[in-house]
Amino acid sequence: MLENLSVALNSGKYKPTMHEFRMFFKRETRVTLVEDSSIPLYGFSFVSFVEILNETKDDRRLVDVLGVVTGKGNLIEFKKEGKPCNYVVIELENIEGGLKLRCTLWEDYAFMFLKQLEDHPSESYVVLSDHASLTLEEEFLERGVYKSIADLKEVTQNSVFVTIGTVKDIESEYNWCYRACKKCSLGLKLDGSMFYCKKRVTHYSTFVTRYSIQLRVVDETDSASFILFDKEASNFLKIPAYELRTSYIVKGGDKNRHPEEIDSFKDKKFLFKVQVKIQDMESIVPYVISISRLCFEDNIIASFEKKYQIEEVALIQDNSELLSQFTESSDLLKDNLSVSCDNGVDTPSPLLPTGKTASNMDSSVIKILDVDLA
């Protein structure tokens, strides 16, 4: 039983619940234990993987997810303001099987998880993610590991970093959208009058149009091609991919170009959370850089530049050696890295298989940890 509480409107940017009000404990607040079996011990409200992957959940609401661990990355160690920090990325599969998410375990949770795997390698694990979400400030100013574009291109293992840069061009040689599977968001192949998903080994009569925009991003050190997918592109453009595609077709748009709305990315500075996936270290472009989160809030960008002492550098397009690299790797990118309406889309995954799946999970073994969605 609770007494002497403060009550206010639930108006925060990120909400643990969608209730109209929230309560605050004060110094004089009293809490009395009440034995009542009708009151649940846990207040979980699980959101399905389908809702998260299809981006139908409200991003302002913090959610709970439950899944089987099917993969993990290496422990990442770095220093933040002189203090050591650690995290590990894991892959979760839904209990029914077939859908996967990536989550991040920080600090003690990362060590607890890795120790549990080391001590009991043959067991399966269920991970519960409680109120999973990060604000932009947390993502870019507190937890993110910064690397310049030049440093990103030197990475030799699958990793996640934050960086800053200016979009100088839209790489129009690649399609700006693709036909996506409604179930898993991967690209579909046209097969006669049907669309085939190689992951689910299923034919569908319909598809979902999703963004896949290749941006040429420049900073003071180098330039690189970043792939921007549906959620972050929609958030910036304020229009879903299917609506923009329909409008573009009605207007008689050139299929070899992109809608003018996409040019709004050009000459604008962003913070990027990126996944670097290594493809082939022997090739000219051995990596894929995909954007998992985009920040265009001026105050956060300014704080980021101040924190890492990043100065504005003038880049002249006609004379920039960095921008002259556009065509050098375009053929290779088209063959290996592009994601389009006609190509299958496999989003980068910096994870190593554990050999566990939902179907072979031992339901008697359940380990619960708090994690953040990556």
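Just so it is clear, the structure is predicted and the values come from calculations on it, not from any experiment.

A. Just unusual backbone geometry, in detail. Positive phi outside glycine occurs at Lys238, with the angle close to 60 degrees. By the secondary structure assignment, Lys238 is in the loop between helix H5 (230–237) and helix H6 (241–250). On the basis of relative accessibility, which here comes to 63%, the residue Lys238 falls in the exposed class. The backbone of Gln309 shows a phi angle near 50 degrees, a positive value even though the residue is not glycine.

B. Quick peek at the nonpolar core. If you look at the biggest cluster of nonpolar residues, it comprises 41 residues, and the most contacted ones within it are Ile213, Leu215, Phe226, Phe265, Phe272 and Val276. Apart from the residues lying within four places of it in its own chain, the contact partners of Val276 are Leu152, Val155, Gln157, Asn158, Ser159, Phe161, Tyr287, Val288 and Ile289. Judged by nonpolar contacts, the second largest core, of 22 residues, contains Phe49, Val69, Leu101 and Leu186.

C. Spatial organisation of helix H7 (residues 298–307). Every buried residue belonging to H7 is among Ile300, Ile301, Phe304 and Glu305, and all of these are buried. Buried residues of H7, viewed axially, fall in a sector of 135 degrees; they line one side. H7 presents Asp298 and Lys306 as exposed residues on the side facing more than 90 degrees away from its buried surface. Check the buried side of H7 and you find it contacts helix H3 (136–143), strand S8 (159–170), strand S15 (269–278) and strand S16 (287–295).

D. Structural context of the pattern of salt bridges. The final tally for this structure, using the stated rule, is 11 salt bridges. A salt bridge links Arg216 to Glu171, with the nearest nitrogen and oxygen atoms 3.0 Å apart. Note that Arg216 is positioned in strand S13 (residues 208–218) and Glu171 in the loop between S8 and strand S9 (177–180), a separation of 45 residues in sequence. Exposure class is identical for Arg216 and Glu171. Each is buried. Arg210 is the partner of Asp230 in a salt bridge, and the nearest nitrogen-oxygen pair spans 3.5 Å. With Asp230 in helix H5 and Arg210 in strand S13, the pair connects residues that are 20 residues apart, well separated along the chain. For Asp230, a relative accessible area of 10% gives the class buried.

Calculation rules
Residues numbered from 1 in each chain as written. Predicted model: local features only at pLDDT ≥ 70, side-chain atom pairs only at ≥ 80, totals over all residues. Heavy atoms only, no water. Helix = DSSP H or I, 4+ residues; strand = E, 2+ residues; numbered from the N terminus. Buried < 20%, exposed > 50% of the residue type's maximum accessible area, 1.4 Å probe, protein only. Core = buried A, V, L, I, M, F, W, Y, C linked by side-chain atoms within 4.5 Å. Contact = heavy atoms within 4.5 Å. Arc of directions from axis to C-beta. Salt bridge = Lys/Arg side-chain N within 4 Å of Asp/Glu carboxyl O.

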